[in-house]
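Descriptive structure summary
Residue strings, one per chain:
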Amino acid sequence: MRKRVIVDYSDRKWVPFWMRAKETRLNRSKAGNGLLFGLMFICGIFMALPLVMVVNNALKPLDELFQYPPKIFVRNPTMENFTDLFVLMSDTWVPFSRYIINTIIITLGGMVGHVLCASLAAYPLAKHRFPGRDLLFNMVILSMMFSWTVTQIPQYLIISLMGINNTYLALILPAWSFGMGLYLMKQFMEQLPDSLMESAKIDGAGEFSIFWRIVMPNVKPAWLTLAIFQFQYMWGNTGGTFLRDEELKPLQFALQQIVQGGAARAGAGAAVTFVIAAVPITFFLVAQSNIMETMTTSGMKE
Amino acid sequence: MANKRKKVSGDAITIAKMQSTLRYQIRKNRVSYVMLAPYFILFFLFTVLPVLTSIFFSFTDFNVLEMPEFVGWKNYIKLLLEDDIFLVSLKNTLLFAVITGPISYMLCLLFAWIINEFKGKLRAFLTLIFYAPSISGNAYVVWNLILTGDRYGYLNGLLLKYEIINEAILWMRTEKYILPVLMIVQLWLSLGTGFLAFIAGLQTIDNTLYEAAAIDGVKNRWQELWFVTLPAMKPQLMFGAVMQITQSFAVADISINLAGNPSVNYAGATVVTHLLDYGGTRFEMGYASAIATILFLLMVGTNKIVQKALRRVGE
């Protein structure tokens with residue numbers, strides 16, 4: 001835990017009001033604060049502006065979307081674009097609810113399987129000593145050092161050979177073995193005190209019941225984080241080359257089709273972009289404190 | 001542990017005996033292996049095996065329909081000596097890696113460091129503002145509106161209004177603008193997991209370290225950053241480096257969606273767009289695998305070098 005440093009503020013009127021808490025850091029100069037917070041402000045605007053535009057465009061009536069000169073902020077906000085989107089949704093070849101169900105199956109399948117597989121493998125890697133342990137973990141770290149594009153082609157062939165091409169499993173199974181999830185989970189589990197498991201062992205509990213009844217409840221922030229990261233990934237997946245049947249495609253695919261409709265669908269397209277961005281951001285917002293707690297253990301030890 | 005045991009006992013025991021202890025170790029820990037099995041079977045199937053097959057295919061001619069035919073180094077020779085577009089895309093990818101990689105790494109660190117000065121709700125809000133672009137899916141298509149080539153584009157509109165330019169610029173159709181603009185968009189997108197790791201890492205640094213440093217004569221925040229903060233968050237620095245490097249080598253989607261594939265005179269081509277071109281469009285899998293193998297070596301090689309360098313921070 002962070003210890004509080006009580007500082008006398010009488011000579012530090014420059015401390016901005018939001019920092020005049022009971023604790024503060026030492027050695028902060030006025031010029032430094034001004035420089036850094038100014039920089040932060042400018043960069044913050046740069047970071048936020050495109051997403052502010054996404055929100056505003058989603059609320060703009062059609063004439064404002066094509067207005068000259070272009071304005072960032074909406075003047076007469078309307079839900080028209082969203083109603084347009086619903087009309088387009090009700091008019092698809094495959095019923096739109098089908099896309100939503102597909103997304104739920106793929107996302108939940110990928111999420112639950114990944115959290116279970118990664119946690120189950122992370123526990124012995126973090127807490128047991130056995131031959132091959134370092135080798136396996138180093139391979140996982142190595143896998144984080146290249147992107148999935150590298151393995152795309154053989155992965156497609158392997159999925160075809162397994163006969164799961166054009167099924168939900170083609171997206172779900174590879175997602176179970178992502179490296180980052182295992183890595184974060186193992187790092188988080190490592191900080192659990194050994195005594196926790198030893199006392200259960202003395203009571204005669206098997207490894208699986210220790211894992212399920214003692215380890216998992218204690219690493220809740222980590223598996224929530226894994227679930228959110230996995231959700232973000234699965235949410236963005238359009239099914240690509242793996243799903244050919246229209247009835248199997250996820251929501252993301254259907255939404256992208258609408259955006260590609262060009263100028264005639266600019267309004268609905270703006271609503272789509274908003275939905276695509278808003279969902280993962282909302283999930284992050286809800287789980288932020290858990291995610292930050294997990295990331296404190298993300299460091300790479302030598 | 002097993003290795004250590006081998007070293008400790010050294011020549012005292014025979015190889016046969018060592019094997020029996022290894023076998024004993026494995027039998028003793030069989031529950032651990034059972035727990036590892038589901039994850040690692042899939043990991044071998046979808047990560048290890050694909051890397052190995054990709055290396056194998058890179059020495060063949062393979063179009064998916066017929067059996068692969070062994071051709072030796074032909075694909076690599078063609079790539080490096082005859083394929084001008086590959087060299088352009090390699091140059092672009094290296095530029096992304098050398099410019100946006102380190103800059104985004106520094107920005108992650110800088111913003112995390114400043115955010116760490118804030119508290120509570122404001123801190124959570126700032127974290128969200130900087131992190132949101134990286135998880136907003138393909139919301140970066142909004143940059144298409146900003147960069148529209150006529151006067152309806154936001155950027156052109158702004159520059160015209162203040163008379164910085166006289167006529168609208170075709171941002172994504174003019175060779176010299178494509179790469180710099182893509183780099184800026186990539187920077188916008190790049191404050192991801194590494195950034196979160198930095199913020200979290202800064203929070204864990206024990207405040208007594210700062211107090212001790214202040215007593216030892218650390219005068220300002222810059223000295224504090226260099227002598228206390230950075231060495232204390234070395235593990236996070238290494239994790240963040242892996243994230244940012246891998247990301248900067250893999251740039252493709254933004255190039256395809258903003259500049260098109262192929263882009264004007266291949267100004268926005270990267271190794272990955274080239275890979276997608278041969279693997280996804282032309283079905284020359286042997287050749288595409290050679291590209292993938294080179295990309296793999298580049299990513300892993302750079303990561304290894306940077307890890308080695310970062311180990312020396314604060315030494």
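Residues numbered from 1 in each chain as written. Chains lettered and ligands numbered in written order. Predicted model: local features only at pLDDT ≥ 70, side-chain atom pairs only at ≥ 80, totals over all residues.

**Notes on the overall build of chain B**
- Scanning chain B from terminus to terminus reveals 16 helices and two strands.
- In terms of overall size, chain B is more extended than a compact globule, its C-alpha atoms giving a radius of gyration of 25 Å where 315 residues would be expected to give roughly 20 Å.
- Put simply, chain B has 315 residues, and 43% of those count as buried.
- Long-range pairs, those at least 24 residues apart, make up 69% of the contacts in chain B with a sequence separation of at least 6. (Helix = DSSP H or I, 4+ residues; strand = E, 2+ residues; numbered from the N terminus. Rg over C-alpha atoms; globule rule 2.2 N^0.38 Å. Buried ≥ 20, exposed ≤ 12 C-beta atoms within 10 Å, placed from the backbone. Contact = placed C-beta atoms within 7 Å.)

**Description of the overall build of chain A**
- Regarding its fold elements, chain A presents 13 helices and zero strands.
- Overall, chain A shows an N-to-C arrangement of helices and strands of α-α-α-α-α-α-α-α-α-α-α-α-α.
- Within chain A, the proportion of its 302 residues that are buried is 36%.
- Considering only contacts in chain A between residues 6 or more positions apart, those separated by 24 or more positions represent 70%.

**What to know about the domain arrangement of chain B**
Residue and element names in this part refer to chain B.
- For chain B, the domain assignment lists domain 1 (1-57) and domain 2 (79-138 + 178-310).
- Here the C-alpha centre of domain 2 lies 33 Å away from the C-alpha centre of domain 1.
- In this complex, domain 1 contributes four residues to the contact, which on the side of domain 2 involves six residues.
- A per-class count over the side of domain 1 that touches domain 2 returns three nonpolar, one polar and no charged. (Domains from an automatic or database assignment. Nonpolar A, V, L, I, M, F, W, Y, C, P; charged D, E, K, R; others polar.)

**Some words on the confidence of the model for chain B**
- Mean pLDDT for chain B: 85, with 93% of residues reaching 70 or above.
- Across the assembled chains, the prediction reports ipTM 0.85 with pTM 0.85. (pLDDT = per-residue confidence, 0-100.)

**With respect to the interface of chain B and chain A**
- Facing the 90 residues of chain B at the interface are 77 residues of chain A.
- Top element by residues in the side of chain B that touches chain A is helix α3 (residues 30-57) of chain B. It accounts for 19 residues.
- For the side of chain B that touches chain A, the per-class residue count stands at 60 nonpolar, 21 polar and nine charged.

**Quick notes on helix α6 (residues 120-135) of chain B**
- Its 16 residues give α6(B) an end-to-end C-alpha distance of 22 Å, which sits within 8% of 22 Å, the value for a rise of 1.5 Å per residue.
- At B:Ile129, α6(B) shows its strongest bend, of approximately 35 degrees, with the proline B:Pro133 following within four residues.
- Within α6(B) the residues assigned to the buried category are B:Leu126, B:Thr127, B:Phe130, B:Tyr131, B:Ala132, B:Pro133, B:Ser134 and B:Ile135.
- Contacts made by the buried residues of α6(B) are with α1 (30-59), α11 (220-235) and α13 (266-295) of chain A together with α5 (84-115), α9 (175-189) and α10 (193-204) of chain B.
- B:Gly137 lies just past α6(B) and shows a positive phi near 60 degrees. (Expected span 1.5 Å × (residues − 1). Bend = angle between axes of the 7 residues up to and from the residue.)

**Here we look at the nonpolar core**
- Core analysis: the biggest nonpolar cluster contains 156 residues, and A:Ala121, A:Met185, B:Tyr39, B:Phe195, B:Ile291 and B:Leu295 have the highest contact counts within it.
- Among the elements that make up this core, the one with the highest residue count is helix α16 (residues 285-310) of chain B (12 residues).
- Counting contributing residues per domain, this core is built from domain 1 (1-57) and domain 2 (79-138 + 178-310) of chain B, each supplying no fewer than three.
- Excluding residues within four positions of it along the chain, A:Met185 makes contact with A:Ala118, A:Ser119, A:Ala122, A:Val219, A:Ala222 and A:Leu226. (Core = buried A, V, L, I, M, F, W, Y, C linked by C-beta atoms within 7 Å.)

**Quick notes on the packing of helix α4 (residues 96-127) of chain A against helix α7 (residues 169-176) of chain A**
Residues and elements named next belong to chain A.
- The contact between α4 and α7 brings their axes to 8 Å, and the two run at 25 degrees. Classed by the angle they form, the pair α4 and α7 counts as roughly parallel. The handedness of the crossing between α4 and α7 comes out as right-handed. For the pair formed by α4 and α7, the contact residues are Ile 106, Gly 109, Gly 110, Gly 113, His 114 and Cys 117 on the first element and Leu 171, Ile 172, Ala 175 and Trp 176 on the second.
- When grouped by side-chain class, the residues that make up the contact of α4 with α7 number six nonpolar, four polar and no charged. (Axes fitted to C-alpha atoms, helices over the stretch in contact; angles between N-to-C directions. Parallel < 35°, antiparallel > 145°, perpendicular 65-115°, else oblique. Left-handed = near helix turned anticlockwise from the far one by under 90°.)

**A closer look at the environment of A:Asn76**
- Along the chain, A:Asn76 falls in the loop between α2 (62-65) and α3 (80-89).
- On a C-alpha basis, the gap between A:Asn76 and A:Gly132 in space is 64 Å, while along the polypeptide they are 56 residues apart.

**So, unusual backbone geometry**
Residues and elements named next belong to chain B.
- Even without a glycine there, the phi angle at Asn 265 is positive, about 55 degrees.
- Assignment of secondary structure puts Asn 265 in the loop between α14 (253-259) and α15 (271-281).
- Non-glycine residue Tyr 266 carries a positive phi angle of around 55 degrees.
- Considering the arrangement of structural elements, one finds Tyr 266 in the loop between α14 and α15.
- A count of 21 C-beta atoms within 10 Å places Tyr 266 in the buried class.

**Some details on the packing of α3(A) against α13(A)**
All names here are of chain A.
- Packing of α3 against α13 leaves a shortest axis separation of 8 Å and a crossing angle of 95 degrees. Comparing their axes, α13 and α3 come out roughly perpendicular. Across the interface between the two elements, Glu 80, Asn 81, Phe 82, Asp 84, Leu 85 and Leu 88 from α3 touch Gly 267, Ala 268, Ala 270, Ala 271 and Val 272 from α13.
- Residues of the contact of α3 with α13, tallied by class, amount to seven nonpolar, two polar and two charged.

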